[in-house]
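Here are the chains, one letter per residue:
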Amino acid sequence: MSIESETGAVFRTAARVILLDQHDTVLHMGGDQCLDGITRWITPGGGVEDGEDLRAAAVREAGEETGCAIDPEALIGPVAFGVFTAFPKGRLLVQKNWYFFHRVERFDPEITGGDAYEQQFGFAWLPIDQCGAADGTILPDRTVALVKRLRDGDIPAEPVELGGTFSPRWGQ
């Protein structure tokens, strides 16, 4: 028996993209109000499909969730990783997020694919100091420090550990 079969828990890998524009703001999506009264903002990204590598997943997810077409060779990283936990529909979800980095000119994002719940998301270009402030990040200063490094051209030789993130409660 495994914890998955005993509890219905889901373990998955995801790829996310930190999109930093010329105004030093980072694209976030969400804006949905959780049951705890928190307005949640996250970076674009999502689950890696069977047989898909991290870079391809990051490019695909960024395209589906923002409309931003990224040349896979222009994507930097992975630059970081972290673990996200949540209890959607009362079941444990543990997701290892791998973060990539890409500089962009500010654009008007639009969801062109993805999951049904994402169709309700809005977008916000948030200042670097707000990265991780509304997504359940336990140690948001790690994310802020990483994005400042990336902004300054200091690309880590190895992915940086961002620690854990949890999701505030949302509706069923």
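Residues numbered from 1 in each chain as written. Predicted model: local features only at pLDDT ≥ 70, side-chain atom pairs only at ≥ 80, totals over all residues. Heavy atoms only, no water.

(A) Expanded view of the confidence of the model for the protein chain. With 90% of its residues at a pLDDT of 70 or more, the protein chain shows a mean pLDDT of 88. Confidence scores differ between elements of the protein chain, with helix H1 (residues 3-7) showing the lowest mean pLDDT of 71 and helix H2 (residues 54-66) the highest of 96. (pLDDT = per-residue confidence, 0-100. Helix = DSSP H or I, 4+ residues; strand = E, 2+ residues; numbered from the N terminus.)

(B) Region of interest: the environment of Glu52. Summarising the element assignment, Glu52 is placed in the loop between strand S4 (45-47) and H2. Residue contacts for Glu52: discarding those within four places in its chain leaves Gly47, Ala57 and Arg60. From its side chain, Glu52 meets the backbone nitrogen of Glu49 in a polar contact 2.9 Å long. A distance of 2.8 Å separates polar atoms of two side chains, one belonging to Glu52 and the other to Arg60. (Contact = heavy atoms within 4.5 Å. Polar contact = N/O pair within 3.5 Å; in protein donor to acceptor, adjacent residues only side chain to side chain.)

(C) Spotlight on the environment of Val59. With respect to the helices and strands, Val59 occurs in helix H2. Looking at Val59, the relative accessible area reads 16%, which means it is buried. Each C-alpha atom, one on Val59 and one on Ala15, is 8.7 Å from the other, the two residues being 44 residues apart in sequence. In this view, Val59 contacts Ile70, Pro72 and Leu75; residues no more than four positions away in its chain are not counted. (Buried < 20%, exposed > 50% of the residue type's maximum accessible area, 1.4 Å probe, protein only.)

(D) Geometry of the nonpolar core. Core analysis: the biggest nonpolar cluster contains 15 residues, and Val17, Leu19, Ala58, Ile70, Leu75, Val104 and Phe107 have the highest contact counts within it. Looking at this core, the elements with two or more residues in it are strand S1 (10-20) and H2. Broken down by element, the residue count for this core peaks at 4 residues, all from H2. Of all hydrophobic cores here, the second largest spans 14 residues; its members include Ile18, Val79, Ile128 and Val147. (Core = buried A, V, L, I, M, F, W, Y, C linked by side-chain atoms within 4.5 Å.)

(E) Up close: a nonpolar patch on the surface. Residues Ile138, Leu139 and Phe166 make up a contiguous nonpolar surface patch of about 280 Å² in total accessible area. Following the sequence through the fold, Leu139 ends up in the loop between strand S7 (122-127) and helix H3 (140-151). (Patch = residues over 30% accessible without salt bridge, like charges linked within 9 Å, V, L, I, M, F, W, Y side chains within 5 Å. Areas by Shrake-Rupley, 256 points an atom, 1.4 Å probe, with all protein chains shown as cover. Salt bridge = Lys/Arg side-chain N within 4 Å of Asp/Glu carboxyl O.)

(F) How the structure looks around the pattern of salt bridges. One pass over the full model with this rule turns up 10 salt bridges. In this structure, Arg60 and Glu52 form a salt bridge, with 2.8 Å as the shortest nitrogen-oxygen distance. The pair formed by Arg60 and Glu52 is uniform in burial state, with each residue classed as buried. For the salt bridge of Asp129 with Lys148, the shortest nitrogen-to-oxygen distance reads 3.1 Å. Placement of Asp129 in the loop between S7 and H3 and of Lys148 in helix H3 is noted, with a sequence separation of 19 residues between them. One network of salt bridges, in which partners are shared, links Glu49, Glu52, Arg60, Glu61 and Glu64.

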